Amino acid sequence: MKKMKRWEDIHTDGINRLSARAHYISYPSRLAAEKEEASNAHFFKNLNGTWKFTFLEAPEYWPDGFYQDDLDTKDWDDITVPGNWQLQGYGKMHYSDLWYNFPIIPPRVPTDNPTGIYRREFELERNLDGEQLIIRFNGVDSAYEVYVNGEFAGYSKGARIQAEFDITGLCRQGSNTLTVRVFQWSDGTYLEDQDMWWLSGIFRDVELYTRPIAGLYDYTVNTELDSDNQNATLSVSVKLTEQHGQTIVYELVAPDGERVFSEEKQADETFSKYVAAPLKWSAEEPNLYHLYMTVMEAGKIVEVIQQNVGFRSIVMAGDTFHVNGVAIKLKGVNRHDYNPKTGRVVSKAEIERDIKTMKQNNINAIRTAHYPNSHFLYDLCDQYGMYVIDETDLECHGFELTEKYNWISDDPAWETAYVSRLERMIERDKNHPCILMWSLGNESAFGHNFRAMAKRAKEMDPTRLVHYEGDREAEVTDLHSTMYTWLERNDDRLTMDKVIEKAKKPHILCEYAHAMGNGPGNLKEYQDLFYKHDKLQGGFIWEWFDHGIETVSEDGTVYYRYGGDFGDDPTNGNFCIDGLIMPDGTLSPSLFEYKKVIEPVQTECIDLEKGIFRLINRYDFLSLDHLELTCSLFEDDKLLESFTVELPKLVGRETTELQLPIGQDIERVSGANYYFGFSYTLKQDTPWAAKGHELANASFVLPGKEKLPKVHVDGDLQVTKEGAMLSVSGNDFTVTFDCVKGAIKEVTRNGKIQIEKGPQFHFWRAPIDNDMYLLNDYRTKYFMHLGHEIVEDVRYELKDGVFEWHTDALYGTTNSSWYYQLQYHYSIYPDGDIVCKIDGVASGMKENAPVMVPRLGLHLQLNKDFDQTQWRGRGPGESYVDSKQANHLGVYRKTVDDLFTNYVKPQENGNRSDCDWVSITDHDKNGLIFIANDTFDFSASHYEVSDLEQAKHTIDLKPRDYIVLNLDYKQNGLGSNSCGQDQLEKYRCKFEDFTLSFRISPFNSEKTTAVELGREK
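The following refers to the structure shown. For clarity, every value in this text was computed on a predicted model and none was experimentally measured.

Looking only at helices and strands, the chain has 12 helices and 58 strands in total. Taking 1017 residues into account, the globule formula puts the C-alpha radius of gyration at 31 Å, and the chain, at 33 Å, falls close to it. Taking all 1017 residues of the chain together, 61% fall into the buried category. Intrachain contacts of the chain at a sequence separation of at least 6 include 72% that bridge at least 24 residues. Once the 109 positive and 162 negative side-chain charges of the chain are each reduced to a mean point, those two points are 1 Å apart.

Here you go:
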């Protein structure tokens, strides 16, 4: 019989590992417990820091007696714990979303199995009488053995959940030796194929502490609300290591510090206590009580344990689930533990920063994708208010490609491995009110072992819901959960309308709206559905963080690498760059869009002229009176008035009407736009944001007077032709045309080139990540990036003092039978104005054209000194047709640099939509204004489309010596089709007829402002 290696034995889940229990700290006194600091425990030593380390190609290459007490390790390396060894110079970096990095022959793993041996000393100056000395590993990837003073202490696997070992009998007073051997691959790896970097080693805290043997080994706290969700019963069940007739004093302290009760019970009895009208816990109002459990023996304190308690209920109610009686909406994100420098090593401060940022952006829920996160997260979610789906460290995604997806999920031989991971998670995290659901894992098909997990979850904790997206029929789960379910599609696959029609249980989207690169779009459409249907209880964006690896170039520039940059093969490339925040913590435009879409106050206009608005409270529980409403009226960029409005005490989910004075007495200027804005801000400081932080906003455009006609200054124009070049000159300017190409070659003013290349039609944009499934056809079928213009005719004349230029052209792509018939028309006036009109007629074999084109627009090159922009349209951030809720109409200013969004992998960015004019000037205030006949989108950049397309990283971008200006009739939506819904029909840029017309006027902003010019026709 073949010998089974320990790290390949599915029947050995752990050796000498203590039974799983809640994560808590035992203190010697009430005063120490109040401080809630581990340093005040009976005995606590953090073993983080510098350890000795040796790295092996396989476990069998260990040094003789690597765990022996007297081993000489002076030639070993130093390594930091916690840390991932790949980020400290050992092994190989590898990112994949799907594949196992070895043959699928479960439970076997490669003989070449990178192994790290860690070693350190620790001091123990303490008598352990009556105490148990425990070493706790909070996270080690993938499996590991522990040795103390040359003796085997235990073995564990399950990388992202804590394991504890009793080492009391192995330790001595004075110096002790701790050795840990970590295997990169184990049978557990088959259950750990999540979408993330493959990172190994001791990556969470290692802690040494004592607990009194006469104290509590474990406890479970439950709160049950009555049918009216008013009063509650608090119950506590405990486990003792040894029975000595102990008693426990249970003391509950309210959030305001007032004692609710104090009662002593025998320790072996379940404690139950009625609590009248406690403050409830929810993500919106995270009211936490403090339960002190003082264990007494013979009149002396054995230990004191402090536990935060949140009174809340979770119940099923038909096709919804209720929290505290309300079918809440989850406005969530999927979150990994991640740091761009240290990998999966994250501090409490980093997690706290994440949660504060989420709260500031209206997010109320986290799915711990796809494993239990650091234990700090749950304390902070309790404290700040965040609903949590706690997910088991379990994913078998690579099996999907074997056509036997449920290979081990439906194999009873693996049941212990599956169930144990769930049990350990539930035991560790069970006392956190923030957790609403236990998730059985992710992307592992379905079968026997998931049925066993669901059964065990309900046995252990019937108070919470069971979640698993892989249970497609919700056979054992309490709710339907799907991923990336489309809003519309042309085949028979599941769409949201079918979910609404067929679902008999609550539904959530555990992943949707893939936040990869520039995108996602369609967020509003999903959220509107969630609000419309009670059974749709929200969803979780994929995901929170871009998983880039921080790298510094030779010149000191910081950039971020991704899959494939380390020679890793196979890899999913930049698929790990898919978050709402960038690796350095910069908030992506997508986060601002999500914040707006899920904002807690929605403002609708009923009658703008009368100033009547509808306010919808999108909170589930909170009233609006904790917010302050500021209303502002702008005439373009000029603030006319601003006033605050006292918001009514409007309870969660209710609606009211509000009548406001909105400038009925102002004299409206012709061509000006009037914007009436709402800003909802915090009245008082909160733990997660300061007073004045904006949570919601709205903007409405008041009807204004029609624009003034443009009056052109008389003068003479001179027309000269030399070869293929024709020049039209006025008093201080010259426009040069290329008669062969039928285009403006350049525009000079006062001897300075302003336009280095005139408007040229194009289809192409630098591909965004959400275009990934279009690109093969775009490039190899339609050759969208290879445009060609065929000039058919050029005509011009000087008539009545105005120069008129016409170009008839055809524009198509390589090998295409579909094309545009284009007509360019330029009118040049003596004052230097250029009126441009481009008509496009979709022609040729239109049936062969793609269903979407990237853009219909014009490309120009301007003088590099023109780096100051101002525009009237949506702003201040980038916006696209299906992602523009966060950007309101108004007048905005930015430099060209500030228009740019520095995505980790360069791509189309920086668009501003629904603009009727844009100006671009130099530091001497000289420049040009482009005034649309209707509206256009614009972007201005130091980079050409080809620069963005060809760059792999931000450091590959080299600025051009001119400004690239794009004026678009239409640009395609963003969609979410790197993973999810493609561009909705209404947001698609199609092969269709178009007209784009605008005026180009020179100006100096010290003499005449762009705002004044923009009021002209």
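Moving on, we come to the sheet that holds strand β37 (residues 612-617). Strand pairing in a sheet relies on backbone hydrogen bonds. The paired strands run either parallel or antiparallel. The antiparallel open sheet is built from three strands, whose spatial order is β36-β37-β40. Every interior strand has two partners, whereas the edge strands, β36 (601-607) and β40 (655-659), have only one. For this sheet, the mean angle separating the axes of adjacent strands, direction not counted, is 25 degrees. The pairing of β36 with β37 spans six bridges and is antiparallel. Note that in β37 the partner of glutamine 602 across the bridge is isoleucine 616.

Below, the discussion takes up helix α5 (residues 448-460). Compared with an ideal rise of 1.5 Å per residue, which puts 13 residues at 18 Å, α5 spans 18 Å between its outermost C-alpha atoms and is within 8% of the ideal. If you check which residues of α5 are buried, you get Asn449, Phe450, Ala452, Met453, Ala454 and Ala457. Packed against the buried residues of α5 are α4 (415-429) and β30 (465-467).

With burial as the criterion, only one face of strand β34 (residues 549-552) is covered, namely that bearing Ile549 and Thr551; the residues Glu550 and Val552 on the opposite face remain uncovered. Across four bridges, β34 lies against strand β35 (residues 558-561) in antiparallel orientation. Paired with glutamate 550 across the strands is tyrosine 560, a residue of β35. In this antiparallel pair of consecutive strands, β34 and β35, the connection spans five residues, and glycine 556 shows a positive phi of 90 degrees.

It is worth spelling out unusual backbone geometry at this point. Serine 142 follows aspartate 141 through a cis peptide bond whose omega is 10 degrees. Along the chain, the position of serine 142 falls in the loop between β9 (140-141) and β10 (143-148). The peptide bond linking glycine 875 to proline 876 adopts the cis configuration, its omega dihedral lying at 5 degrees. Along the chain, proline 876 falls in the loop between β53 (868-875) and β54 (888-895). Positive phi outside glycine occurs at asparagine 750, with the angle close to 50 degrees. Structurally, asparagine 750 can be placed in the loop between β46 (743-749) and β47 (752-762). A relative accessible area of 63% means that asparagine 750 is categorised as exposed.

Bringing the sheet that holds strand β26 (residues 330-334) into the picture now. Read from one edge to the other, the open sheet built from eight strands follows the order β30-β29-β28-β27-β26-β33-β32-β31, with strand pairing classed as parallel. Either end of the sheet is taken by a strand with one partner, and the two such strands are β30 and β31 (480-483). Recorded for the sheet is a direction-independent mean angle of 25 degrees between the axes of neighbouring strands. Relative to strand β28 (residues 387-391), strand β27 (residues 365-367) is paired through three bridges, and the arrangement is parallel. Each residue of the ladder has a partner; that of alanine 365, found in β28, is tyrosine 387. Helix α7 (residues 523-532) contacts β26, β32 (507-514) and β33 (536-542) of the sheet and is inclined by roughly 170 degrees relative to β32.

So, on to the packing of helix α2 (residues 348-360) against helix α3 (residues 375-384). Closest axis-to-axis distance for the α2/α3 pair is 10 Å, and the angle between their directions is 35 degrees. Considering only the axes of α2 and α3, their crossing is right-handed. Mapping the contact onto sequence places Lys348, Ile351, Glu352, Ile355, Lys356 and Lys359 in α2 and Phe376, Leu377, Leu380, Cys381, Gln383 and Tyr384 in α3. Tallied by class, residues from the contact of α2 with α3 come to seven nonpolar, one polar and four charged.

Turning our attention to the environment of phenylalanine 1003. When you line up the elements, phenylalanine 1003 lands in strand β58 (residues 994-1004). As for phenylalanine 1003 and glutamate 550, which are separated by 453 residues in sequence, their C-alpha atoms are 44 Å apart. The contact partners of phenylalanine 1003, leaving out residues within four places of it in the chain, are Ser919, Thr921, Lys925, Asn926, Gly927, Leu928, Ile929, Thr1008, Thr1009, Ala1010 and Leu1013.

With that out of the way, let us pick up α4. When the terminal C-alpha atoms of α4 are compared, their 22 Å separation across 15 residues agrees well with the 21 Å that a helix rising 1.5 Å per residue should span. Counting buried positions over the 15 residues of α4 gives 12, a clear majority of the element. For α4, the complete set of buried residues consists of Ala417, Tyr418, Val419, Ser420, Arg421, Leu422, Arg424, Met425, Ile426, Glu427, Arg428 and Asp429.

A separate point is the pattern of salt bridges. Applying the stated criterion to the full structure yields 79 salt bridges. For the salt bridge of aspartate 916 with lysine 707, the shortest nitrogen-to-oxygen distance reads 3.4 Å. Pair noted here: aspartate 916 is in strand β55 (residues 912-921) and lysine 707 is in the loop between β42 (694-702) and β43 (718-722), with a separation of 209 residues, a long-range link. Salt-bridge contacts for arginine 795 lead to aspartate 793; the nearest nitrogen and oxygen are separated by 2.7 Å. Classification of aspartate 793 by relative accessible area gives partly exposed; the value is 30%.

The biggest cluster of nonpolar side chains holds 138 residues, and the ones touching the most others in it are Leu330, Leu660, Phe676 and Phe678. Excluding residues that lie within four positions of it along the chain, phenylalanine 678 makes contacts with Thr603, Phe613, Leu629, Thr630, Cys631, Leu660, Ala696, Asn697, Ala698 and Phe700. Core analysis: the second largest hydrophobic core is formed by 68 residues, Leu726, Met784, Leu862 and Phe938 among them.

What follows deals with the packing of aromatic side chains. In the structure shown here, the tally under the stated rule is 69 aromatic pairs. Considering the side-chain rings of phenylalanine 676 and phenylalanine 678, the 5.3 Å spacing of their centres and the 80 degrees angle between planes classify their relative orientation as edge-to-face. Taking relative accessible area as the criterion, phenylalanine 676 reaches 0% and is therefore assigned buried. Arranged with centres 5.9 Å apart and planes meeting at 75 degrees, the rings of tryptophan 764 and tyrosine 778 form a pair that is edge-to-face. Here tyrosine 778 lies in helix α9 (residues 775-780) and tryptophan 764 lies in the loop between β47 and α9, a separation of 14 residues in the sequence. Classification of tyrosine 778 as buried rests on a relative accessible area of 4%. Through a chain of ring-to-ring contacts, three or more aromatic side chains come together here, namely Phe761, Phe763, Tyr782, Tyr811, Trp818, Tyr820, Tyr969, Phe991 and Phe994.

Definitions and cut-offs
- Residues numbered from 1 in each chain as written.
- Predicted model: local features only at pLDDT ≥ 70, side-chain atom pairs only at ≥ 80, totals over all residues.
- Heavy atoms only, no water.
- Helix = DSSP H or I, 4+ residues; strand = E, 2+ residues; numbered from the N terminus.
- Rg over C-alpha atoms; globule rule 2.2 N^0.38 Å.
- Buried < 20%, exposed > 50% of the residue type's maximum accessible area, 1.4 Å probe, protein only.
- Contact = heavy atoms within 4.5 Å.
- Lys, Arg positive; Asp, Glu negative; His and termini not counted.
- Charge placed at Lys NZ, Arg CZ, Asp CG, Glu CD.
- Pairing = 2+ DSSP bridges.
- Axes fitted to C-alpha atoms, helices over the stretch in contact; angles between N-to-C directions.
- Expected span 1.5 Å × (residues − 1).
- Left-handed = near helix turned anticlockwise from the far one by under 90°.
- Nonpolar A, V, L, I, M, F, W, Y, C, P; charged D, E, K, R; others polar.
- Salt bridge = Lys/Arg side-chain N within 4 Å of Asp/Glu carboxyl O.
- Core = buried A, V, L, I, M, F, W, Y, C linked by side-chain atoms within 4.5 Å.
- Phe/Tyr/Trp six-rings, centres within 6.5 Å; stacked < 30°, edge-to-face > 60°.

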